[in-house]
Each structure stands twice: as structure tokens, then as C-alpha cells.
Amino acid sequence: MTDLLTHGRLQRWQAAVSAGAGVAVAAGLFAITPMQGRADFVVVGYACAVAGYLVTAARIEGRRQAVDRFFHALIVTAVATCLLALGAVLVYTAVRGADALKPSFFSNTMDGVGVRDTTGGAYHAIVGTIEQVLLASLLAVPAGLLVAIYSVEYGRGRLATILRTTVDVMTGVPSIVAGLFIYAFWVLGLHQGFSGFAAAMALALLMLPIVVRSAEEMLRLVPTTLREASYALGVPRWRTVLSVVLPSASAGITTGVMLAVARVTGETAPLLLTSFGNNVTNTNPLKGPQSALPLFVFQQAGSAFATAVTRAWAGALTLIVVVLVLTTIARLLTRRNRLAT
Amino acid sequence: MQTLDVHVADEAPPAPPIERLGDRLFRWITTGVGLAVTILLLVVSVFLLVKAGPALSKAGVHFFTEKQWFPDLEPAKFGVAALVFGTVLSSVIALVIAVPVAVGSALYVSEYAGPAAGRIVGWLIELLAAVPSVVFGLWGVLFLQPRMIPMQRWLAHHLGFIPLFKNPDNQFGGSMLLAGVVLALMVLPIVAAVTREVFAQVPNELREAAYGLGATRWEMIRTVVFPFGRNGMIGAIVLGLGRALGETIAIALVLAATYDVSFRITRPGGNTIAANIATKFGEAGSIGRSALVASGLLLFAITLVVTIVARGVVTRQARFAEGRP
């Protein structure tokens, strides 16, 4: 406070002028020294502008206020960096993908398509992704819900501690390791070979902890009074859980499930080891290698040919749209969730 | 999305006085599924161990000291030394870049922005978390790599006296630095989300007390928010580390895979355990695949330790925030 009593306040015009002076210094530097380039100028100009602004602030307002302004500037820069990065990823993918996407992308497969052909599409991969993600959800969602119910309703004692640790450990399992688990267990150990179902199991391993976590959190939020009202009507515990507690938590649980689906839809690493990839359509998830959209993008991206890379961009855009739509719907559902405050 | 939901044993929900047959069945079923999940994870881990066996017994101690990766040659020569080094190096670079940015944006949301702006920024950072890693990889190779070459050249020419940036071959491309930047974008949302949650738990009374003593906003952050959220921030960083260590596809696409141990992060080359599994799996023979499984086992062990450490730190923060000992 002493600073404000003994020092003046930095006026807007003073800040603007000093920042402008910083940019002018940067322009001077670029004129005289060998520095050049548009991106470089933006960076150096920004740094000089902030420096000029801070020097003026220090002279007028004193050191403590200038330090405060310095960190404010740093924090705004951090946010700008985040948004810039997000923008760069989304816009570049959208632009390259929009160029590459054509209707045939969704109806053709890679059957007999050479590396330089401009034909070819991802029909087979989209079929694979839909089947694998559906199967994974069928495995992970019921199991995750039951685990969450156990943990909330009965979760005391040693087994509960072990189970909670297991779920914790599963949250930290890298996706490629989830793939290796199923590869070692199902593909090699039980001699089942590569298949869409193996991929679904690996994805389910990744989904399970997300579903358990969000369901647990939501179930805990259900007001005790709701349960008591149900018990008072003579409803047994299991029916209370299934028809009172679960429905009240359903919005939050749906959000968790959708976030889990969004996450595994974009997973590539576990599929490499479990569904392996395929150029032709394999509609049977139980038998034989199957492609998937992320896998398709990865394989096309690894090629040195521009035609393949174009297909990769088309796939990437499709993937990103699907994942972002799922995430956004999940977020919108949260807003309608009356339990989450 | 990993968040800070640690439940320190809370009270059981009320139950009716009589447990009927249906209730007992229900309890058995849910307990059974819980047990099954635990056992399944155990069985699967055992299979991983068994399938790693052939390669481990073939390589012996050299598995940890050898840098090259030729498991299918005769005589086989393979080990994880270079891979472990690359995994750790790329993750450390990623954290060095991501943590300040993530903490900065978390501070923006909790201390600077109004509720509306804060929600929008939080939502946008969450979108970054939703971008699939294969898209990050594709973007990293085709967008970021050419644009980062001038920057890396500048580092090598002007800061080349620091061994880290030295680049005697004067070649630029898929370097550890590029991989680190791409990884940084991928761990940033997690670190930002967890630190944001921690900062949101700081009691407003403490903030007001600091302002009342005449602190500027930054002084308040330094003396109140950071000390209060220290454990949570450490936990967030360790969670980010766990994510970075296991990232596969983006690294596999971005990095020019070589098997050497070098701190020269502007030079193309290096490799990580996870990326090596992705790139070598297709062409590997039976010993080769066993070797990849063995390296994956090691990665699992590393991330296991990291996850447990992170959990411990975050739990401490949760207890602290709730005012429990």
C-alpha cells in the first residue's frame, strides 16, 4: 500500500506509449542487426514491449507494483501460449483435413490401393473403430458401474483398499502397456490372435478407471435423504441403489462415460498390438486383424508419399471432430447435472 | 481426465436394518466384480512377466546396459539403456516447458480471470486434452517440425557453448527438443487441471488476509496460494510425468529413432520405450516381440512407481486442504 501512497499510478496512455517504444526498439534492432523473420519479430517485439511497459511501471509505481505487473504479464503470456497451441493444432488439422476429405473417403477402403493412388478411404477403419469402441463400452461400463457401487456402498475393509489401489494403478497405466497386457494375455497367452475384440479389451482397460472414478464421485453426491425416503417406503437396498441412487446420478455418470469413450476413440497405441490393422473391411470383431481410424491415421502418416499423408489428414480431421463433439456433449451434460454444484 | 478426487475414508451411506436375500445377492455381485477386476489385472500382469521371460533370459543383465536394439539377430544384441534414457529425457524436457505454462494458466483461471473468462479458458485447455495423440504426432511432424528448425538452429548457433544445445552436424529435424515440445502440449492440460483444482481450494479468508496486509496480487500468490497448494502442484507435476513417460504414438511419429545416449537435444535422434514398441512391433520376430514386452514391463514398473508417488502427494494435499492431520 505504501507504494500507492508515495508513488503515482501508471496511466493507460503511459503503458501504451512505453509498450510502443519497446516495439520501436525491436523494429530498430531488426533494421540494424542481422535479425530477421516475421515470427522472430513478433517474439522479440512482444518481449521488448513488455520490457518497456515494466520499466515505465517501475519508475512510476515502484518496484513491488512492477514485479506484480511482470508476473501478470507472464501469466497472460502463458494463457496465450496455451490458446495459440490449441488454435494451431485445430486450425491446421481443419485446413489440411478439409482439403483432403471427400465423400469417397467414407465409402472406400484401402483394399488394393497403392501408395500413390489418390483413391482409398477409411470405411474399413471406421467400421473397426465403431465396433471396438462399442464392445469396449459394453465391457467397461457395466463393470465400472458395479465396481463404483461396491466401493461406495460396501467399500470398507481390506478388499476395498486393494480395489481402490488397483483402480489407481489402472489410471496410471500407459495406453501402450494396456495393449501389451492384452497382447501377452489374449493374443499370445490364450492363442486368440489379433482381433477387434482384443482391441476392445485393451480399450476397456483404459476406460474402466475413468468410469469408476466418475461414477464413484457422482454416487457419493446423491443426498442421503433420498435413500432414507426409499428405505422408509420399504424398498430393499438393492432396489434403492438401482432405481433411486443410480438414476439420480445418471447425468454425471453419463458425462464420465462419454469422456471415457472420447478418450479411447482416439487411442492408437494399444490397437497396434491387439487389432494390428488391416487394409480390407473385417466386420467380424471376434476374428482376424481389424483396422481402426487412429490406426489408419498412424499408418498413413508414416508413409513418405503425399497421397498417403493426405489420407492421414482426412482421417485426423474425422477423428478430431468425433472426439471433440463427444467431449463437448459430455460438458454440456455436466451443466444439466443437478448433483454437481 | 485425471483429477484430484481422493476420498479419505468417508462415512458409509445409511442402510436399512434388515439385509434381504436380494440385498445379499447384490452385495455378492458387486463384490465379485470388484474382486474379478483386481484378479484380472494380476493375471494379466503375470502373463506380461511370462511373455517377457524368453527375451530377459536371453539378454540377462545386458538388457539394462545395452543400447542397441537387434533382438532378432544372431547373436541378439538388445537392451533398454538408450530407451530409458530417451524416455526420461523427453519427459523432463516436456515438464520443463509445460509446468510453467500450466501453472500460469491455472493461476489465470483461479486468480485473475472473472468466472466467465475462467470457465472458457478452462474449457479450451480441456479441449487440448481431448486431441488424440496420433493427431498431435501428425501435426508435430508436418506443422511443428519445419517451423521449429530455425529456432533449433538459433539455439545451436548462439547457445551452442552449452552442451545441451550443441549440434556439431548442423542437421535439424526430429530432435528430442521437438518431441519434448509436442509432449509438453499433451501433459499441459493434466497439470493445468490439477493445479487449478488445488488453487480453487485455497480459502478466500487467506487471500483477503494477505490483501489486507497490503500485498500485491503476486505477493498474495507467492505467500498464500503457492504454499497452500505446494503438495498439490507437486502431485500434478508427477501425474504429468506419468503421462509423458507412457506417451507413444506422437513420439513414434515425431522422433527420428536412433539408439544412442546423448544430451544434445537439438540433434535429430533418440527413442523412448513406448515409441520403440510402436515402431518395432510390426517387424519383430518372436524374440523381438518378447523383448518389446519386456521393455513394456519396465515401463509399467516405472509408471507404477510414479503413479503411487503422485497419489501419495495428492492425498496429502487433500487431507491438508480439508484441515485433517
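### Let's talk about the pattern of salt bridges
Between side chains of opposite charge, a pair can form as their charged atoms come close.
All names here are of chain A.
Alright, step 1. Within the structure shown, the criterion is met by twelve salt bridges over all chains.
Alright, step 2. For the salt bridge of Arg 227 with Glu 153, the shortest nitrogen-to-oxygen distance reads 2.6 Å. Here Arg 227 is found in helix 10 (residues 224–232), whereas its partner Glu 153 is found in helix 6 (residues 123–154), with 74 residues between them in sequence.
Alright, step 3. A salt bridge links Arg 237 to Glu 153; the nearest nitrogen and oxygen atoms lie 3.0 Å apart.

### What to know about the nonpolar core
Alright, step 1. Formed by 202 residues in total, the largest nonpolar core has its most connected members in Ile 176 and Phe 181 of chain A together with Phe 136 of chain B.
Alright, step 2. With 18 residues, the top contributor of residues to this core is helix 9 (residues 196–221) of chain A.
Alright, step 3. Two domains each put at least three residues into this core: domain 1 (2–99) and domain 2 (123–340) of chain A.
Alright, step 4. Filtering out sequence-adjacent residues up to four positions away, Phe 181 of chain A remains in contact with Val 173 and Leu 205 of chain A together with Leu 41, Val 44, Ser 45, Leu 48 and Phe 300 of chain B.

### A short note on the domain arrangement of chain A
Residues and elements named next belong to chain A.
Alright, step 1. As assigned here, chain A comprises domain 1 (2–99) and domain 2 (123–340).
Alright, step 2. If you look at the interface, domain 1 gives seven residues, while domain 2 gives six residues.
Alright, step 3. At the boundary of domain 1 and domain 2, one finds zero salt bridges.
Alright, step 4. Connecting domain 1 to domain 2 are zero residue pairs in polar contact (both at pLDDT 80 or more).
Alright, step 5. Looking at the side of domain 1 that touches domain 2 residue by residue, the classes come out as four nonpolar, two polar and one charged.

### Looking at empty space enclosed by the protein
Residue and element names in this part refer to chain B.
Alright, step 1. Counted according to the given criterion, the structure contains two cavities of 30 Å³ or more.
Alright, step 2. Roughly 90 Å³ of internal volume is contained in the largest cavity.
Alright, step 3. Along the wall of the largest cavity there are 13 residues; nearest its centre are Asp 260, Ser 262, Arg 264, Gly 269 and Gly 270.
Alright, step 4. If you tally residues by element for the lining of the largest cavity, the top one is helix 3 (residues 81–112), at three residues.
Alright, step 5. Of the residues belonging to the lining of the largest cavity, the class tally is five nonpolar, five polar and three charged.
Alright, step 6. Its boundaries defined by the atoms lining it, the second largest cavity holds a volume of some 30 Å³.

### Quick look at the packing of aromatic side chains
Alright, step 1. Overall, the coordinates contain 22 aromatic pairs over all chains when judged by the stated rule.
Alright, step 2. Relative to Phe 194 of chain A, the ring of Tyr 183 of chain A has its centre 6.3 Å away and its plane inclined at 15°; by these criteria the two rings are stacked. Within this pair, whereas Tyr 183 of chain A is found in helix 8 (residues 175–189), its partner Phe 194 of chain A is found in the loop between helix 8 and helix 9, the two being separated by eleven residues in sequence. Comparing Tyr 183 of chain A with Phe 194 of chain A shows no difference in burial state: the two are buried.
Alright, step 3. Arranged with centres 6.2 Å apart and planes meeting at 85°, the rings of Phe 194 of chain A and Phe 281 of chain B form a pair that is edge-to-face. Of this pair, Phe 194 of chain A sits in the loop between helix 8 and helix 9 while Phe 281 of chain B is found in the loop between helix 10 (273–280) and helix 11 (286–321), placing the two residues in two different chains.
Alright, step 4. One aromatic cluster is present, built from ring pairs that chain together Phe 70 and Phe 71 of chain A together with Phe 199, Trp 218 and Phe 226 of chain B.
Alright, step 5. The lysine or arginine in question, Arg 147 of chain B, covers the ring of Phe 143 of chain B, its NZ or CZ lying 4.1 Å from the ring centre.
Alright, step 6. The ring of Phe 281 of chain B is capped by Arg 289 of chain B, whose NZ or CZ atom sits 4.3 Å from the centre of that ring.

### With respect to the layout of surface pockets
Residue and element names in this part refer to chain A.
Alright, step 1. For the second largest pocket, the calculated volume is near 2,200 Å³.
Alright, step 2. With 13 residues, the top contributor of residues to the lining of the second largest pocket is helix 4 (residues 63–100).
Alright, step 3. Here the lining of the second largest pocket is built from residues that sort into 40 nonpolar, six polar and three charged.

### Some thoughts on unusual backbone geometry
Peptide bonds are trans in most cases, and residues, glycine excluded, mostly fall at negative phi.
Residue and element names in this part refer to chain A.
Alright, step 1. Of note in the backbone geometry, His 191 takes a positive phi value of approximately 55° without being a glycine.
Alright, step 2. Note on His 191: relative accessible area 69%, which makes it exposed.
Alright, step 3. Non-glycine residue Phe 276 carries a positive phi angle of around 70°.
Alright, step 4. Its place among the elements puts Phe 276 in the loop between helix 13 (269–274) and helix 14 (293–301).
Alright, step 5. Phe 276 sits in the partly exposed class, given a relative accessible area of 27%.

Rules behind the numbers
Residues numbered from 1 in each chain as written. Chains lettered and ligands numbered in written order. Predicted model: local features only at pLDDT ≥ 70, side-chain atom pairs only at ≥ 80, totals over all residues. Heavy atoms only, no water. Salt bridge = Lys/Arg side-chain N within 4 Å of Asp/Glu carboxyl O. Helix = DSSP H or I, 4+ residues; strand = E, 2+ residues; numbered from the N terminus. Core = buried A, V, L, I, M, F, W, Y, C linked by side-chain atoms within 4.5 Å. Buried < 20%, exposed > 50% of the residue type's maximum accessible area, 1.4 Å probe, protein only. Domains from an automatic or database assignment. Contact = heavy atoms within 4.5 Å. Polar contact = N/O pair within 3.5 Å; in protein donor to acceptor, adjacent residues only side chain to side chain. Nonpolar A, V, L, I, M, F, W, Y, C, P; charged D, E, K, R; others polar. 1 Å grid on protein atoms, 1.4 Å probe; cavity = no way out; pocket = protein on both sides within 12 Å on 5 of 7 lines; lining within 4 Å. Points joined across faces, edges and corners; volume = space filled by probe spheres on them. Phe/Tyr/Trp six-rings, centres within 6.5 Å; stacked < 30°, edge-to-face > 60°. Lys NZ or Arg CZ within 6 Å of the ring centre and 35° of its normal.

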